[in-house]
Amino acid sequence: MTTADAFALGDAATDARTDTQTDARTDVRTSAQTDTALRFPAGFRWGAATAAYQIEGAASADGRGPSIWDTFSRAPGNVLNGDTGDIAADHYHRVPEDVALLKRLGVSDYRFSVAWPRIQPTGRGPALQRGLDFYRRLVDALLEAGIRPVATLYHWDLPQQLEVLGGWPRRETAERFAEYAGIVGAALGDRVHDWTTFNEPWCAAFLGYASGVHAPGRTEPVAALRAAHHLNLAHGLGTAALRAVLPHPAAVSLTLNLHAVRPLTGSAADLDAARRIDAVGNRIFLDPVFHGRLPEDLVRDTAGLTDWSFVRDGDLAAAAAPVDWLGINYYSPTLVAAAPAAEPGPSPRSPGVAEPSPWVGAQPYVRLLPAPGPRTAMDWPVDAGGLYELLTRLRDELPGVPLLITENGAAYADYADPEGAVHDPDRIAYLHGHLAAVHAAMADGADVRGYFVWSLMDNFEWAHGYSKRFGLVHVDFATQRRTVKDSGRWYAGVIARGGLPA
Ligand code: FCB
């Protein structure tokens, strides 16, 4: 894949036509291959994704309260270079320009998140009209551009005051979330059809409360398990609150970053290591939400830490409120082996001190290994096979649940050259490979309805600050100038032709 595959945005429609004509001229075999191997069905949803704290900036505009990410990023040592989301990509003040970019890309859908502290600055009480108005303006601009909004209610920016009261380990936070979900649903339900309660509750629980590399930066393994449970409960309560106010039909969903877990060998010990990671990485959410139960092996694995008595009667039934689709975020697979003995790894932040693990109940029995192969700028392996594995697993385990890839993408060290172009052939290759994997899974029966690139534009990449660029659109953070990268042009072509170039 080279940048020669990319073409000017304005030529997207022309290119799609040329593509069809080329098919007609080629022999039957090539044409059939192109049509069956690389085309996606009509109505497939092509999108791009962002999240409030990562792009909006305007951290105290219009009455917005502080979130745990404001507090965490302002404390020294938590985020690379001391970066914060105070300004980010200044999207709060650039909605028309950013919606115009989406329109140029030709996406059918845009996934964004609502910042809870813009709606309820302390996480409770009456809604701030100015906060709701911002999202109403965004949604109206999207609809005007013919783009379907997909609204996520929680992408990690808990109102700080709720953390002061105990955060996700505290049960009441789930009740507050349901109230907030009802407020936003009532305000925007007349124009937003697709809703997602949570983005990646695994990260919120285990990076936020166990390893502490994300806000609020706590390193308390039991608190992380409690957080995971209350996030499941909040998903269920929030789903009910949304359904109570949304007109029919509306779609309510959840997005999980499921781990494509691979044991290093077929040995019993490595298989057991993989089982442990699957329990605390995947089934801790899948089992409550889709089956109304806790994974028994997880309860056993964590028996030395907690008796799970924070799970009350009725909680699991509440968590199991049916969803209309499941969102999957995928970046790379997870390679695991049994740990020969308890061996906490060295800490990159404090040499000599064991880094707290997010894998509660699995450590110290498990070693996470670097998977082989090429890497992105995040040092994440490029391996589209993991996406295929996840999608076909879900086909088998959750029949009847439609799937959307709500995030997939890659960071590379992009820069604008003197001509103002951003050449990112590695990202094009990454996206091409992963879309091909989605296509293969669909051909094998996975019910995938759409695909969203992470991300529309470069943004605040959590603990990495602005050092990692995931966008289809380059952002110069000094000037806020946006430049569509080659990958953005390439993606526009994919959308226009409804499939991958051969
Ligand atoms: C996911 C997050 C998203 C972004 C990507 C790279 O875990 O949901 O906000 O940071 O990773």
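Conventions and cut-offs
- Residues numbered from 1 in each chain as written.
- Predicted model: local features only at pLDDT ≥ 70, side-chain atom pairs only at ≥ 80, totals over all residues.
- Heavy atoms only, no water.
- Helix = DSSP H or I, 4+ residues; strand = E, 2+ residues; numbered from the N terminus.
- Buried < 20%, exposed > 50% of the residue type's maximum accessible area, 1.4 Å probe, protein only.
- Contact = heavy atoms within 4.5 Å.
- Pairing = 2+ DSSP bridges.
- Axes fitted to C-alpha atoms, helices over the stretch in contact; angles between N-to-C directions.
- Polar contact = N/O pair within 3.5 Å; in protein donor to acceptor, adjacent residues only side chain to side chain.
- Expected span 1.5 Å × (residues − 1).
- Core = buried A, V, L, I, M, F, W, Y, C linked by side-chain atoms within 4.5 Å.
- pLDDT = per-residue confidence, 0-100.
- Salt bridge = Lys/Arg side-chain N within 4 Å of Asp/Glu carboxyl O.

As a further point, take the environment of Asn232. Within the element layout of this structure, Asn232 appears in helix H11 (residues 221-245). According to the relative accessible area criterion, Asn232 is buried, its value standing at 4%. In sequence terms Asn232 and Ala318 are 86 residues apart; their C-alpha atoms lie 8.7 Å from each other. Residues contacting Asn232, with those up to four places away along its chain left out, are Ile284, Phe285, Pro288, Val289 and Ala319.

Here we come to the sheet that holds strand S11 (residues 448-454). An order of S1-S2-S3-S4-S5-S7-S10-S11 is seen for the 8 strands of this closed barrel, with the pairing classed as parallel. Neighbour to neighbour, the strand axes of the sheet diverge by 25° on average, direction disregarded. Pairing analysis gives 4 bridges linking strand S4 (residues 194-199) to strand S5 (residues 251-256), with the strands arranged parallel. Among the inter-strand pairings, Thr196 is bridged to a residue of S5, identified as Ser253. Its contacts with the sheet put H11 on strand S3 (148-154), S4 and S5, and the angle it makes with S4 is roughly 160°.

The next thing to look at is the sheet that holds strand S8 (residues 334-338). Ordered in space as S6-S8-S9, the 3 strands form an open sheet in which the pairing is mixed. With partners counted over all chains shown, the strands left at the sheet margins are strand S6 (261-263) and strand S9 (366-369), one partner each. Going from strand to strand, the sheet's axes swing by 35° on average, the running direction of each strand aside. Sheet analysis places S8 next to S9, joined by 4 bridges and oriented antiparallel. Considered in S9, the bridge of Val336 is made with Leu368. Where helix H12 (residues 268-291) meets the sheet, it contacts S6, S8 and S9, and its direction lies at approximately 130° from that of S8.

The subject of this paragraph is the environment of Ser67. Position of Ser67 among the secondary structure elements: in the loop between helix H3 (52-55) and helix H4 (68-74). Those residues in contact with Ser67, other than ones at most four positions away along the chain, are Tyr53, Pro117, Asp157, Leu158, Pro159 and Gln160. A distance of 3.1 Å separates a polar side-chain atom of Ser67 from the backbone nitrogen of Trp69.

Okay, helix H16 (residues 425-443) next. Because each turn of an α-helix spans 3.6 residues, side chains separated by three or four positions in sequence point in the same direction. A rise of 1.5 Å per residue sets the reference length of H16, with its 19 residues, at 27 Å; its end C-alpha atoms lie 27 Å apart and thus fit the reference within 8%. Among all positions of H16, only Arg427, Ile428, Tyr430, Leu431, His432, His434, Leu435, Ala437, Val438, His439, Ala441 and Met442 are buried. Just past H16, the residue Gly445 takes up positive phi, approximately 105°.

Generally speaking, nonpolar side chains in soluble globular proteins are found buried as a group. Among the nonpolar cores identified, the biggest contains 148 residues, and Trp69, Tyr135, Tyr154, Trp168, Phe177 and Phe206 are the most heavily contacted of them. With 9 residues, H12 is the single largest residue contributor to this core. In this structure Tyr135 touches Ala52, Glu56, Phe112, Ser113, Val114, Ala115, Arg118, Ile119 and Leu188, once residues within four positions along its chain are discounted.

Extensive coverage of strand S1 (residues 45-49) is indicated by the burial of 5 of its 5 residues. Burial along S1 is two-sided: Arg45, Gly47 and Ala49 facing one way and Trp46 and Ala48 facing the other are all buried. Here 5 bridges tie S1 to S11, and the two strands are oriented parallel to one another. The residue of S11 that forms the bridge with Ala49 is Trp454. Relative to strand S2 (residues 109-113), S1 runs parallel, the two being bridged by 3 bridges. Across the sheet, residue Gly47 finds its bridge partner in S2, namely Asp109.

On average, residues of the protein score 92 in pLDDT, and 90% of them are at 70 or above. Per-residue pLDDT stays below 50 along residues 1-36; that stretch engages in 38 contacts with residues further than four places along the chain or on separate chains. Counted against residues more than four places away or in other chains, residues 345-352, with its pLDDT under 50, gives 11 contacts.

All told, the structure shown has 39 salt bridges when counted by the stated rule. Among the ionic pairs, Glu97 bridges to Arg94, the shortest N-O distance being 3.7 Å. Glu97 gets classed as partly exposed once you look at its relative accessible area, which sits at 36%. Taking the relative accessible area as the measure of exposure, Arg94 reaches 22% and is therefore partly exposed. With a shortest N-O distance of 2.9 Å, Glu163 and Arg218 are connected by a salt bridge. Taken together, the positions of Glu163 in helix H8 (residues 160-164) and Arg218 in the loop between helix H10 (201-209) and H11 put the pair 55 residues apart, joining distant regions of the chain.

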